Amino acid sequence: MSLPFSTLNFAKPQLMGVLNITPDSFSDGGQFFKASRLDTSKVLQQAEQMLQAGASILDIGGESTRPGAELVSSQQELDRVMPVLEQLQGIEAVISIDTSNPELMQAAKSYGVGLINDVRALQQPGALQAAADSGLPICLMHMQGTPQTMQQQPHYADLIAQVSDFFDARINACQQAGIARDRLLLDPGFGFGKTLAHNLALLKHLGDFKRYRLPLLVGLSRKSMIDAIHQQHGQRRAVDQRLPGSLALALLSYQAGADIIRVHDVQETADALLVAQALDQSL
């Protein structure tokens with residue numbers, strides 16, 4: 001079995017390595033497919049590299065949730081993810097499934113999964129009960145709209161208050177379904193129904209969400225906000241040019257109190273955090 005979530009030590013931020021088992025994710029879509037067929041040996045190789053580089057969590061996703069992504073069927077997602085979970089049996093890490101699919105939530109626990117990471121915060125039909133029955137920790141993410149619509153002119157009257165209201169409602173729904181509060185994590189959902197201004201405001205006020213006394217997960221790696229910042233200065237940054245921006249955002253997240261930082265570039269992020277932690281420990 002893989003490691004349980006309870007083994008994580010939040011005295012320092014934990015790195016979550018991204019493994020997208022999809023043909024169309026915005027950054028690494030298709031990298032594990034050969035002639036349209038999933039190469040599980042390549043997934044295992046990438047997982048081992050991430051662990052050696054410093055990841056303590058591996059986040060396995062079989063559905064792209066990039067802006068405008070196409071929906072996949074429950075069976076498609078299961079067909080992508082289950083062979084990978086089988087390959088990762090016994091690996092020395094917490095295995096997270098990035099899913100809103102109740103069928104996958106139900107099936108995953110027997111494969112050693114330690115965390116459900118749901119961008120829809122258990123709002124899909126059947127997801128709340130499936131998560132409750134799993135007994136696993138769950139990350140609830142805020143998203144305005146759906147992946148298909150979320151970037152079509154997102155608007156907030158009061159961003160921080162509305163994200164907080166959403167967390168309050170979902171925490172309450174989880175507790176009503178029998179999910180203990182200490183099984184929950186929160187993710188403010190950078191890039192999910194947010195403009196650049198919204199993302200920057202969320203990062204600036206990330207510490208406000210510490211009042212929940214629940215682990216905070218942050219995902220900013222390679223996101224389009226990095227390109228949007230450069231566009232303001234007449235430049236562009238394609239996905240494969242966003243490492244410096246991703247590292248800056250990871251450090252800012254750490255300083256703001258993030259407990260889990262979800263990244264594609266594990267080694268580089270681990271190195272940057274090590275320097276920042278050395279400074280903190282010297283003071």
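Residues numbered from 1 in each chain as written. Predicted model: local features only at pLDDT ≥ 70, side-chain atom pairs only at ≥ 80, totals over all residues. Heavy atoms only, no water.

J.: Can you lay out the pairing of strand E8 (residues 184-187) for me, pointing to particular residues and giving the numbers?
T.: Burial along E8 is two-sided: the face carrying Leu184 and Leu186 and the face carrying Leu185 and Asp187 are both buried. Sheet analysis places strand E7 (residues 138-141) next to E8, joined by 4 bridges and oriented parallel. The residue of E8 that forms the bridge with Met141 is Asp187. (Buried < 20%, exposed > 50% of the residue type's maximum accessible area, 1.4 Å probe, protein only. Helix = DSSP H or I, 4+ residues; strand = E, 2+ residues; numbered from the N terminus. Pairing = 2+ DSSP bridges.)

J.: Describe in detail the sheet that holds E8, supporting the description with residues and values.
T.: Spatially, the 8 strands line up as an open sheet ordered E8-E7-E6-E5-E4-E1-E10-E9, and their pairing is parallel. The open sheet has two edge strands with one neighbour each: E8 and strand E9 (217-219). Sheet twist, expressed as the mean angle between neighbouring strand axes with direction ignored, is 25°. Sheet topology note: the strand E1 (residues 14-20)/strand E4 (residues 57-61) ladder contains 5 bridges and is parallel. Across the sheet, the residue bridging to Leu19 is Ile60, located in E4. In this fold helix H9 (residues 266-282) packs onto E1 and strand E10 (260-263), with an angle of close to 165° to the strand it touches most, E1. (Axes fitted to C-alpha atoms, helices over the stretch in contact; angles between N-to-C directions. Contact = heavy atoms within 4.5 Å.)

J.: Could you give an account of the side chain of Ser221, with specific residues and numbers?
T.: Topologically, Ser221 is positioned in the loop between E9 and helix H7 (224-231). A distance of 2.7 Å separates the side chain of Ser221 from the side chain of His264, its partner in a polar contact. (Polar contact = N/O pair within 3.5 Å; in protein donor to acceptor, adjacent residues only side chain to side chain.)

J.: Lay out the pattern of salt bridges in plain terms, naming residues and giving numbers.
T.: Considering all chains together, one arrives at 6 salt bridges under this definition. Two residues, Arg120 and Glu63, come together in a salt bridge whose shortest N-O distance is 3.1 Å. Note that Arg120 is positioned in the loop between strand E6 (113-118) and helix H4 (127-134) and Glu63 in the loop between E4 and helix H2 (74-87), a separation of 57 residues in sequence. Just as Arg120 is buried, Glu63 falls in that class too. In this structure, Arg236 and Asp227 form a salt bridge, with 2.8 Å as the shortest nitrogen-oxygen distance. Through salt bridges with shared partners, one network takes in Asp59, Asp98 and Arg262. (Salt bridge = Lys/Arg side-chain N within 4 Å of Asp/Glu carboxyl O.)

J.: Mind laying out the packing of aromatic side chains, listing which residues take part and the relevant values?
T.: With the rule as written, the count across this model stands at 4 aromatic pairs. The rings of Phe166, Phe167, Phe209 and Tyr212 are connected pair by pair, giving a single aromatic cluster. Positioned above the aromatic ring of Tyr212 is the side chain of Arg211, whose terminal nitrogen or guanidinium carbon lies 4.3 Å from the ring centre. (Phe/Tyr/Trp six-rings, centres within 6.5 Å; stacked < 30°, edge-to-face > 60°. Lys NZ or Arg CZ within 6 Å of the ring centre and 35° of its normal.)

J.: Tell me about the packing of helix H8 (residues 243-256) against H9, residues and numbers included.
T.: Taken N-terminus to C-terminus, the directions of H8 and H9 make an angle of 40°; their axes are 10 Å apart at the nearest point. Judged by the twist between their axes, the crossing of H8 over H9 is right-handed. From H8, Leu243, Leu247, Ala250, Leu251 and Tyr254 reach across to H9, where they touch Glu268, Thr269, Ala272, Leu273, Ala276, Gln277 and Asp280. Here the residues of the contact of H8 with H9 sort into 8 nonpolar, 2 polar and 2 charged. (Left-handed = near helix turned anticlockwise from the far one by under 90°. Nonpolar A, V, L, I, M, F, W, Y, C, P; charged D, E, K, R; others polar.)

J.: Can you lay out the packing of helix H6 (residues 196-204) against H7 for me, pointing to particular residues and giving the numbers?
T.: Here H6 crosses H7 at 110°, and the two axes come no closer than 10 Å. On the basis of the axis angle, H6 is roughly perpendicular to H7. Regarding H6 and H7, the two cross each other, and that crossing is left-handed. Where H6 approaches H7, its residues Leu196, Asn199 and Leu200 are matched on the opposing element by Met225, Ala228 and Ile229. Across the contact of H6 with H7, the residue classes tally to 5 nonpolar, 1 polar and no charged. (Parallel < 35°, antiparallel > 145°, perpendicular 65-115°, else oblique.)

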